[in-house]
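Coordinates in review
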Amino acid sequence: MRFEPRRNKTVSPRTRRLRVAGGALCAAALAATLVTGCGQDSGDETAAATSEAAKVLPNQTTSPSGSVSPSGTAQLTEDQTKRKELLSTVKVTFDKAATTAVGEVSGGKLTDLDLEGLDDQDDDATGSPSPTGSPTDGTSPSPGGTESPGGTGSPSPSGSAGSPKWVAEVVEEDGTAHNVTIDAVTGKVIDSSPDADQSDADKQELADQISKATQTPQQAAKVATDKKPGKVTSIALDENDGNVLVWQVDVVTKDWKKTIFDVDASKGTITDEQVDDD
């Protein structure tokens, strides 16, 4: 920022140069009286310059620092912030949740596993109990929408209704699906039950899919994270637009963005990759 225009109001550039030169001559001559006079003149000039700088410099230094300081949070979108906050509380990784879920169904295979509370699952992120995580002993929730203190019929610890959860679908060989909910902090099973809404056609479709999927969900997850390191937050067996059976894998990277991979369920190759910019 320029200070010259403000100084021109009281002292011309030529006068300022003469004063500076006079100050140098006075110092060289070492004359006490002249040195005193020049020192006063120089001091006046320095004081004036300092006063002018004090008025302007704060505007120079404050502006850059103001633009840099919030960089750590201002650049995160709402979805990125939500992922960061939720994943910081998750203690049970995808692979551990997958193993736990499959262990609940004898001979079953995992076809779907999602971490509740991310992106469009806003209601689950608030900590309200999920349908599969409701009390199983016949007790009713308290008026505030949370389970009453003595009515936890699940093996999860008291107060876990607000914890993040892994929700899995595990399918038997005949296509019968089971829904398994796992506490993502403690790793304990909150609920495990057959899907009561399945039709015969649904069972047949799932039976066909698991017989064709030669790649396990763990293998598909490794393919995705080898391509882009991060945390797996969802995996699902489904057909893509080209009717190819794929594992759809969601990976949240260190910048809290989400990348969605389609991994061929029989070949183990990536057929599609999309970055969610939100």
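Residues numbered from 1 in each chain as written. Predicted model: local features only at pLDDT ≥ 70, side-chain atom pairs only at ≥ 80, totals over all residues. Heavy atoms only, no water.

Let us now look at the overall build of the chain. Along its length, the chain carries nine helices and eight strands. When each of the 278 residues of the chain is scored for burial, the buried share is 34%. Looking at the chain alone, contacts between residues at least 24 apart form 55% of all its contacts between residues at least 6 apart. Entry remark: accessible area of the chain is about 15,900 Å², with carbon and sulfur atoms responsible for 52%. (Helix = DSSP H or I, 4+ residues; strand = E, 2+ residues; numbered from the N terminus. Buried < 20%, exposed > 50% of the residue type's maximum accessible area, 1.4 Å probe, protein only. Contact = heavy atoms within 4.5 Å. Areas by Shrake-Rupley, 256 points an atom, 1.4 Å probe, with all protein chains shown as cover.)

All right, on to the sheet that holds strand β7 (residues 258–264) then. Consider a sheet: its strands pair through backbone hydrogen bonds, and that pairing is either parallel or antiparallel. If you walk across this open sheet you meet the eight strands as β4-β3-β2-β1-β5-β6-β7-β8, and the pairing is antiparallel. Either end of the sheet is taken by a strand with one partner, and the two such strands are β4 (189–194) and β8 (270–276). Going from strand to strand, the sheet's axes swing by 20° on average, the running direction of each strand aside. Contacting β1 (109–115), β5 (231–239), β6 (245–252), β7 and β8, helix α9 (residues 217–227) crosses the sheet at an angle of about 50° to β6. (Pairing = 2+ DSSP bridges. Axes fitted to C-alpha atoms, helices over the stretch in contact; angles between N-to-C directions.)

On to the side chain of Gln 198, then. In this fold, Gln 198 is placed in the loop between β4 and α8 (200–212). From its side chain, Gln 198 meets the backbone oxygen of Gly 175 in a polar contact 2.8 Å long. In terms of polar contacts, Gln 198 uses its side chain to reach the backbone amide nitrogen of Ala 177, at 2.8 Å. If we ignore the near neighbours within four places in the chain, the residues touching Gln 198 are Gly 175, Thr 176, Ala 177, Lys 203 and Leu 206. (Polar contact = N/O pair within 3.5 Å; in protein donor to acceptor, adjacent residues only side chain to side chain.)

This paragraph deals with the side chain of Asp 262. Looking at the element boundaries, Asp 262 is found in strand β7. Discounting chain neighbours no more than four positions away, the residues touching Asp 262 are Asn 240, Val 246, Trp 247, Gln 248, Thr 269, Ile 270, Thr 271 and Asp 272.

Together, Asp 200, Asp 202, Glu 205, Asp 208, Asp 238 and Glu 239 give the surface a local cluster of negative charge. When residues of the negative patch are traced back to their parent elements, those giving at least two are α8 and β5. In terms of residue count, α8 provides more of the negative patch than any other element does, four residues in total. Relative to the elements of secondary structure, Glu 205 occurs in helix α8. (Patch = residues over 30% accessible without salt bridge, like charges linked within 9 Å, V, L, I, M, F, W, Y side chains within 5 Å. Salt bridge = Lys/Arg side-chain N within 4 Å of Asp/Glu carboxyl O. Lys, Arg positive; Asp, Glu negative; His and termini not counted. Charge placed at Lys NZ, Arg CZ, Asp CG, Glu CD.)

Before going further, it helps to spend a moment on the environment of Glu 104. Along the chain, Glu 104 turns up in the loop between α6 (94–103) and β1. Considering only alpha carbons, one finds Glu 104 and Asp 191, 87 residues apart in sequence, at a separation of 9.8 Å. Not counting chain neighbours up to four residues away, the residues in contact with Glu 104 comprise Val 180, Val 189 and Ser 192.

Moving on, we get to α8. The end-to-end C-alpha separation of α8 is 19 Å, in line with the 18 Å expected for 13 residues at 1.5 Å each. Of the positions making up α8, those classed as buried are Leu 206, Ala 207, Gln 209 and Ile 210. Viewed along the axis of α8, the buried residues span an arc of 165°, placing them on a single side of the element. Facing away from the buried side of α8, by more than 90 degrees, are the exposed residues Asp 200, Ala 201, Ser 211 and Lys 212. (Expected span 1.5 Å × (residues − 1). Arc of directions from axis to C-beta.)

Another aspect to go through is the pattern of salt bridges. Considering all chains together, one arrives at six salt bridges under this definition. The partner of Asp 226 in a salt bridge is Lys 222, with the nearest N and O atoms 2.8 Å apart. Within this pair, Asp 226 and its partner Lys 222 are both found in helix α9, separated by four residues, close to a single helical turn. Judged on exposure class, the residue Asp 226 and its partner Lys 222 are both exposed. In this structure, Asp 250 engages Lys 258 in a salt bridge whose closest nitrogen and oxygen atoms are separated by 3.9 Å. With respect to burial, Asp 250 and Lys 258 carry one shared label: buried.

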